[in-house]
Protein chains: 2
Amino acid sequence: MRSKNRTLSAALLLFSTGIVASAGVNAQQANRPEPLAIQEQGSFAAGGTVTTNPGTFNPLKPLDPAGQTYHGDHAYAFYQVPVNARRLPLVMWHGAGQSAKTWETTPDGREGFQNIFLRRRFATYLVDQPRRGDAGRSMVEATVKPTPDEQLWFNQFRVGLWPNYFDGVQFARDPETLNQYFRAMTPNTGPFDMNVVSDGVSALFGRIGPGILVTHSQSGGPGWLTAIKNPNVKAIVSFEPGSSFVFPEGEVPPPMQDAFDTLQGVSVPMSEFMALTRIPIVIYYGDNIPDQPMTMPAQDSWRARLAMARLWRDTVNRHGGDVTVVHLPEIGIRGNTHFPFSDLNNIQIADQVSKFLTEKKLD
Amino acid sequence: MRSKNRTLSAALLLFSTGIVASAGVNAQQANRPEPLAIQEQGSFAAGGTVTTNPGTFNPLKPLDPAGQTYHGDHAYAFYQVPVNARRLPLVMWHGAGQSAKTWETTPDGREGFQNIFLRRRFATYLVDQPRRGDAGRSMVEATVKPTPDEQLWFNQFRVGLWPNYFDGVQFARDPETLNQYFRAMTPNTGPFDMNVVSDGVSALFGRIGPGILVTHSQSGGPGWLTAIKNPNVKAIVSFEPGSSFVFPEGEVPPPMQDAFDTLQGVSVPMSEFMALTRIPIVIYYGDNIPDQPMTMPAQDSWRARLAMARLWRDTVNRHGGDVTVVHLPEIGIRGNTHFPFSDLNNIQIADQVSKFLTEKKLD
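Bear in mind the structure is a predicted one, so any value in this text is a computation, not a measurement. (Residues numbered from 1 in each chain as written. Chains lettered and ligands numbered in written order. Predicted model: local features only at pLDDT ≥ 70, side-chain atom pairs only at ≥ 80, totals over all residues. Heavy atoms only, no water.)

A. Examining the packing of helix α5 (residues 194-208) of chain A against helix α6 (residues 220-229) of chain A more closely. Residues and elements named next belong to chain A. Closest axis-to-axis distance for the α5/α6 pair is 8 Å, and the angle between their directions is 50°. Regarding the angle of α5 to α6, the classification is oblique. The hand of the α5/α6 crossing is right-handed. Residue-level contacts link Met 194, Asn 195, Val 197, Ser 198, Asp 199, Val 201, Ser 202 and Phe 205 of α5 to Gly 221, Pro 222, Leu 225, Thr 226 and Lys 229 of α6. Counted by class, the contact of α5 with α6 contains 6 nonpolar, 5 polar and 2 charged residues. (Axes fitted to C-alpha atoms, helices over the stretch in contact; angles between N-to-C directions. Helix = DSSP H or I, 4+ residues; strand = E, 2+ residues; numbered from the N terminus. Parallel < 35°, antiparallel > 145°, perpendicular 65-115°, else oblique. Left-handed = near helix turned anticlockwise from the far one by under 90°. Contact = heavy atoms within 4.5 Å. Nonpolar A, V, L, I, M, F, W, Y, C, P; charged D, E, K, R; others polar.)

B. Main features of the relation of the copies chain B and chain A. Its rotation angle being 180°, the transformation that places chain B on chain A also includes 0.0 Å of axial translation and leaves an RMSD of 0.0 Å. With respect to symmetry, the two chain copies, as superposed, fit the operation of a two-fold axis. (Least-squares fit on C-alpha atoms with pLDDT ≥ 70 in both.)

C. Examining the pattern of salt bridges more closely. The final tally for this structure, using the stated rule, is 34 salt bridges over all chains. For A:Glu150, the salt bridge identified is with B:Arg137, shortest N-O distance 3.4 Å. With one member in each of two chains, A:Glu150 in helix α3 (residues 150-156) and B:Arg137 in the loop between β6 (124-128) and β7 (142-144) form a pair that bridges those chains. Given the relative accessible area of 0%, A:Glu150 is considered buried. It is possible to trace a salt-bridge network through shared partners that takes in A:Arg137, B:Asp149 and B:Glu150. (Salt bridge = Lys/Arg side-chain N within 4 Å of Asp/Glu carboxyl O. Buried < 20%, exposed > 50% of the residue type's maximum accessible area, 1.4 Å probe, protein only.)

D. Examining the confidence of the model for chain A more closely. Residues and elements named next belong to chain A. Scored by pLDDT, chain A comes out at a mean of 93, with 91% of its residues at no less than 70. Per-element confidence in chain A ranges from a low mean pLDDT of 38 for helix α1 (residues 2-16) to a high of 99 for strand β5 (residues 90-93). Confidence drops under a pLDDT of 50 for residues 1-29, and excluding neighbours within four residues, the segment shows 41 contacts in the predicted structure. (pLDDT = per-residue confidence, 0-100.)

E. View of the interface of chain B and chain A. Across the contact, 95 residues belong to chain B and 96 residues belong to chain A. Together, the buried faces of chain B and chain A total about 8000 Å²; carbon and sulfur atoms form 55% of this surface. Between the two partners, chain B and chain A, sit 6 salt bridges. Residues A:Glu141 and B:Lys145 are paired through a salt bridge, measuring 3.6 Å at the closest nitrogen-oxygen approach. Linking chain B with chain A are 55 residue pairs in polar contact (both at pLDDT 80 or more). (Buried area = accessible area lost by both parts, 1.4 Å probe. Polar contact = N/O pair within 3.5 Å; in protein donor to acceptor, adjacent residues only side chain to side chain.)

F. Focus on the environment of B:Leu263. Take B:Leu263: it is sitting in strand β14 (residues 262-263). Residues B:Leu263 and B:Gly320, 57 residues apart in the sequence, show an inter-C-alpha distance of 25 Å.

G. Inspection of the packing of aromatic side chains at higher detail. Under the criterion given, the structure shown has 49 aromatic pairs over all chains. Their ring planes at 40° and their centres at 4.4 Å tell us that A:Trp103 and A:Phe341 sit as a pair that is tilted. Taken as a pair, A:Trp103 in the loop between β5 and α2 (113-119) and A:Phe341 in the loop between β17 (322-327) and α9 (346-359) lie far apart in primary sequence, 238 residues in all. The same class applies to A:Trp103 as to A:Phe341, namely buried. Their ring planes at 75° and their centres at 5.8 Å tell us that B:Phe113 and B:Phe239 sit as a pair that is edge-to-face. Pair noted here: B:Phe113 is in helix α2 (residues 113-119) and B:Phe239 is in strand β11 (residues 233-239), with a separation of 126 residues, a long-range link. For the pair B:Phe113 and B:Phe239, one class covers both residues: buried. We note A:Arg120 situated over the ring of A:Phe117; from NZ or CZ to the ring centre the distance is 5.5 Å. (Phe/Tyr/Trp six-rings, centres within 6.5 Å; stacked < 30°, edge-to-face > 60°. Lys NZ or Arg CZ within 6 Å of the ring centre and 35° of its normal.)

H. Region of interest: helix α5 (residues 194-208) of chain B. Residue and element names in this part refer to chain B. With 15 residues, α5 ought to run about 21 Å at 1.5 Å a step, and its terminal C-alpha atoms sit 21 Å apart, in line with that. Taken together, the buried positions of α5 are Met 194, Val 196, Val 197, Ser 198, Gly 200, Val 201, Ser 202, Leu 204, Phe 205 and Ile 208. Positive backbone phi, at 90°, marks Gly 209, one or two positions downstream of α5. (Expected span 1.5 Å × (residues − 1).)

I. Summary view of unusual backbone geometry. Looking along the chain, the bond that leaves A:Trp162 and enters A:Pro163 is cis, with omega of 0°. Relative to the helices and strands, A:Pro163 is located in the loop between β8 (160-161) and β9 (164-165). Backbone geometry at A:Asn288 places phi at a positive 60°, although glycine is not the residue there. Along the chain, the position of A:Asn288 falls in the loop between β16 (280-285) and α8 (297-318). One non-glycine residue, B:Arg131, lies in the positive phi region at around 75°. Position of B:Arg131 among the secondary structure elements: in the loop between β6 and β7. Overall, B:Arg131 belongs to the buried group, its relative accessible area being 5%.

Following this line, the structure appears as structure tokens:
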């Protein structure tokens, strides 16, 4: 028995470190990816507030709100901890109109960052921010309208210029991919509020302890606030933060005009800002972002955002910070959309993230 | 090499069949549950419709809906396939005001049916139905209101009679459990529609092939419709179906009055109804359901629902069906709420489900 157990333990150890990919239990599984060994998985709500309606609850009149409570504005997270997990988990936070789905299966059916980083032995926490998805109980009323807007997103997310795809874009061109891509969207169930969503994700870090925050697009801005609110945020990996860069009072740059909107920095006290100088931060932008102003709103908006990101990097670093902005084409990685982590080359993108985490001793 | 691979394969096989629980890689993991071996996991949208706004899309006016499309009314599912999975997956479908979260971690932090049945080697598909959670894009506008209603749910879900818990109720009494319980709710982002949600889940079965449908409360009714729409539904396990029992034309029983509402059967053509006679179905109800009419709406509503379920069972079985109604206290299982699958005794409840699946040769 002892000998058998030792053999099992050795095999489990290999299994848990991902070395057994080629061992293959049977022929049917020969072409499948190796199994994931998950030590623990589950979900929970974090943060949020509660209101109590005036009056006294009468159980004979259950539809009368008198005296009843309402819990809302929490974040929701589904987490998985692989066997032999690394020290710091990755907390993955979606962008506008998205949910935890962002990090799961890609629109064309490949593995997303959830699985890729589980295979690299990181625990993953996939967030639905307050007022979104499975965290839909909002403290503020909202109306959800079915407004046709998908050509806007096709362009804004830099898949192409509808109905054409960009040359060499890292996005599959079959109709089902586009169908899955559009159906990954899910609406706000209350007004988007930087403070509410960063409070929710900060509460999540309060519960789980130290971790690495991964943001995308709209969560970039509240991601900076989360790191200010909670020292458990030990690093930030930010994909194409869209707006709401946080500057110290008196150092906010002038607004930047682009063909889509006007970009404006957010002012915070220097004491808060300094939190952002104490952690390593990397920001990635993809391809098809113009150098010079152009009339096409979708692309021009990213010209301004990339420029603002560079100003922000310089400001944080001037105060002793460690921010890197990676414009992927500049390091030879081409064709990425607004979703590099689910693009066709997302393994290559994950390798970039892994390299950053190694360099900063975060793995 | 050959010998080493054979040892690994043997160990993996043991691992995959859950025999290695006590092998323990190291001391730290000694008290944890055994790891889950997941062959494959991911998510996708199924079904839904598309509209195209009249006009021509102008990329210079991206906020104008002219010529733009909108995809909505799909279901969303997160799936996990364990190593050495059984033949039929379990498709788990939440009730009113709930989401996929229903089947994940319980409010008091234990494993829900997702993990329990992965450990029993069933693939699991956790659904967010159309117009809910991460499947929030609805074809119909809706307003989401933060209406205080949680004492209604506390009573209606038979945890107790607010603020008191039922004697012996299978529900933890600490405040954080109640906090997690209330925060598991998430609203509709469009009007609830039996046909829309059953179309979505039927499309899911169209994609995944044969499986076992597990419904809860509000999904009970559209669950019957899903089995009518899709022969890939090979069995139904229904927890406390709330209303919308489906009867053949001319055999709908008279409406049932209770202190909360009036229950009414749904009429379908006999040819459709007969689909429900061709698959095994089991229905579970928990405790604290009165035998006789009472004035308390929350409990009395379940008296009527259980009575209607028995009428329905008799109707389906009269036409050659195989429906079993299990009122849990009648088999000595006491204290269950409206959520038996996440109650304190949910392993015991899972054992009942496993027994049913074995008896019907579905595992």
